[in-house]
Amino acid sequence: MVKVNIAGCDTFVKAADYQKYVEKALAAYDVLRDENGAGNDFLGWKTLPVDIPESLIRDCETIRDEWAAKKIDLVVVIGIGGSYLGARCAIEALSHSFIQSDKAPRIVFAGNNLSEEYLSEVMDLAARSNVACVVISKSGTTTEPAVAFRVVKEYIEKTYGKQEASHRIVAITDAVKGALKTLSTQEGYRTFVVPDNVGGRYSVLTPVGILPIVLAGFDIRAMLRGAAAEREALLEKSAENPAVKYAAMRNLLYTELGKKVEILVTFNPKLQYLGEWWKQLYGESEGKENKGIFPASVVCTTDLHSMGQFIQEGDRVMFETTVTVENSNRELVIGSDEQNLDQLNYLAGQRVEHCNAMAQLGTKLAHIDGGVPQMEVGIERINEENLGALFYFFEFACGVSAYTLGINPFNQPGVEAYKKNMFALLHKPGYEAQTEEILKRIQN
């Protein structure tokens, strides 16, 4: 269960103003619950935690077991945006930071950029590994994943043969149409469906996230249980509903106090990619019509030695939301040293996590004193169940928050602008007029 603490905002806002925004958030909650708002044809994510069939999970586990029998030790997951961020967040959070498991293949991600060096290095790793691939794209023509898949597909076919390649490539794509669906039918790839009523940034609990997480060796059933429990909690409409509290306070800070930047903070580096997933979720959902809170993230205490100065004393445009973790999964005690040259003997016998917790509390107090409102979103520990709850909480709260702001949370009309310019500059057929126009523009 996710807990939300807004007490760190008390010195910045008036109780009456907060209650006003709670009422706004409750009205937005009704819109999301009743499914009568803008973008209501993309609300399939709301019931995913209880709708995912056991047969789908077993199909994912069948692929996992078949690839284990082939001793596949590298899976390249190809996708961009919501097609990879949720899975990467979960896998990074649950994996050992340095030691590769001998019970599951290494999962690497490609198709999320157009860096030649990055993709070349993925292929360097592939050359030293026994490789399979999961390609995620509804259309099959999005440039970044399409380029990566062409390279990886060619390598797998040349290395293992076309027939074997059909057993080493799985596609997650549209049910009936699109280039990737057509190719999958032609080549005999196993496929999973990207639901039509779930947008990419809300898709972590669809096959888009489920298959990579299962392949990485983690308990997807526990993740779905955690999301289902969080869904049940959020179905209770009240001023104390965690999603309502979070949406109300962030909209109050933005609208009344001009806090235009929200920094998601974690004091555990395993949650770095939670910040990346969250930034896409909120940035793409709310950043429209010249509105929206700019989502940023930091990992502390590391970033207190880089971004900390700005957060403490820079332009007062931000507030912070810290994802707190009550209990560590490991225990490490600081020892005593006879010379005490580092002057740390006062910490002897203390757990490292105690120091981390005090750094977190000290940072919260310092930033409040520096004019930065503080919220906390808390879980008990990092595991599959709590990650499922976090995913669902932030998705649901995003819908409430965007409707409070008067924004459609489920479209992204602005993401096509760069693509049109890129296609014109790459001389893609059909873009000749735009190419001529852009060349004139950049030559002047």
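For the structure itself, look to the data block above.
Residues numbered from 1 in each chain as written. Predicted model: local features only at pLDDT ≥ 70, side-chain atom pairs only at ≥ 80, totals over all residues. Heavy atoms only, no water.

Draft legend 1. Seen up close, the packing of helix H3 (residues 54-69) against helix H10 (residues 220-234). Across the interface, H3 lies against H10 with an axial gap of 11 Å and an inter-helix angle of 150°. What the angle tells us is that H3 and H10 run roughly antiparallel. Judged by residue contacts, Glu 54, Ile 57, Arg 58 and Glu 61 of H3 engage Ile 220, Arg 221 and Leu 224 from H10. (Axes fitted to C-alpha atoms, helices over the stretch in contact; angles between N-to-C directions. Helix = DSSP H or I, 4+ residues; strand = E, 2+ residues; numbered from the N terminus. Parallel < 35°, antiparallel > 145°, perpendicular 65-115°, else oblique. Contact = heavy atoms within 4.5 Å.)

Draft legend 2. Structural context of H10. Its 15 residues place the ends of H10 21 Å apart at the C-alpha level, agreeing with the 21 Å of an ideal helix rising 1.5 Å per residue. All buried positions along H10 are accounted for by Ile 220, Ala 222, Met 223, Leu 224, Gly 226, Ala 227, Ala 228, Glu 230, Arg 231 and Leu 234. For H10, the N-terminal capping position is held by Asp 219, with its side-chain oxygen 3.1 Å away from the main-chain nitrogen of Arg 221. (Expected span 1.5 Å × (residues − 1). Buried < 20%, exposed > 50% of the residue type's maximum accessible area, 1.4 Å probe, protein only. Polar contact = N/O pair within 3.5 Å; in protein donor to acceptor, adjacent residues only side chain to side chain.)

Draft legend 3. Quick look at a nonpolar patch on the surface. On the surface, a nonpolar cluster with roughly 280 Å² of combined accessible area is contributed by Met 358, Leu 361 and Leu 365. Considering the arrangement of structural elements, one finds Leu 365 in helix H14 (residues 352-369). Among the residues examined, Leu 365 registers a relative accessible area of 47% and is labelled partly exposed. (Patch = residues over 30% accessible without salt bridge, like charges linked within 9 Å, V, L, I, M, F, W, Y side chains within 5 Å. Areas by Shrake-Rupley, 256 points an atom, 1.4 Å probe, with all protein chains shown as cover. Salt bridge = Lys/Arg side-chain N within 4 Å of Asp/Glu carboxyl O.)

Draft legend 4. View of the pairing of strand E7 (residues 261-266). Burial runs high along E7: six of the six residues are buried. Side-chain alternation along E7 places Val 261, Ile 263 and Val 265 on one buried face and Glu 262, Leu 264 and Thr 266 on a second face that is also buried. As defined by bridge partners, E7 adjoins strand E8 (residues 294-299) across six bridges and the pair is classed as parallel. Pairing of Ile 263 across the sheet is with Ala 296, part of E8. With helix H12 (residues 272-286) bridging E7 and its parallel neighbour E8, the resulting β-α-β unit is right-handed. Pairing geometry for E7 and strand E9 (residues 318-325), over six bridges, is parallel. (Pairing = 2+ DSSP bridges. Right-handed = clockwise from strand over helix to strand, strands pointing away.)

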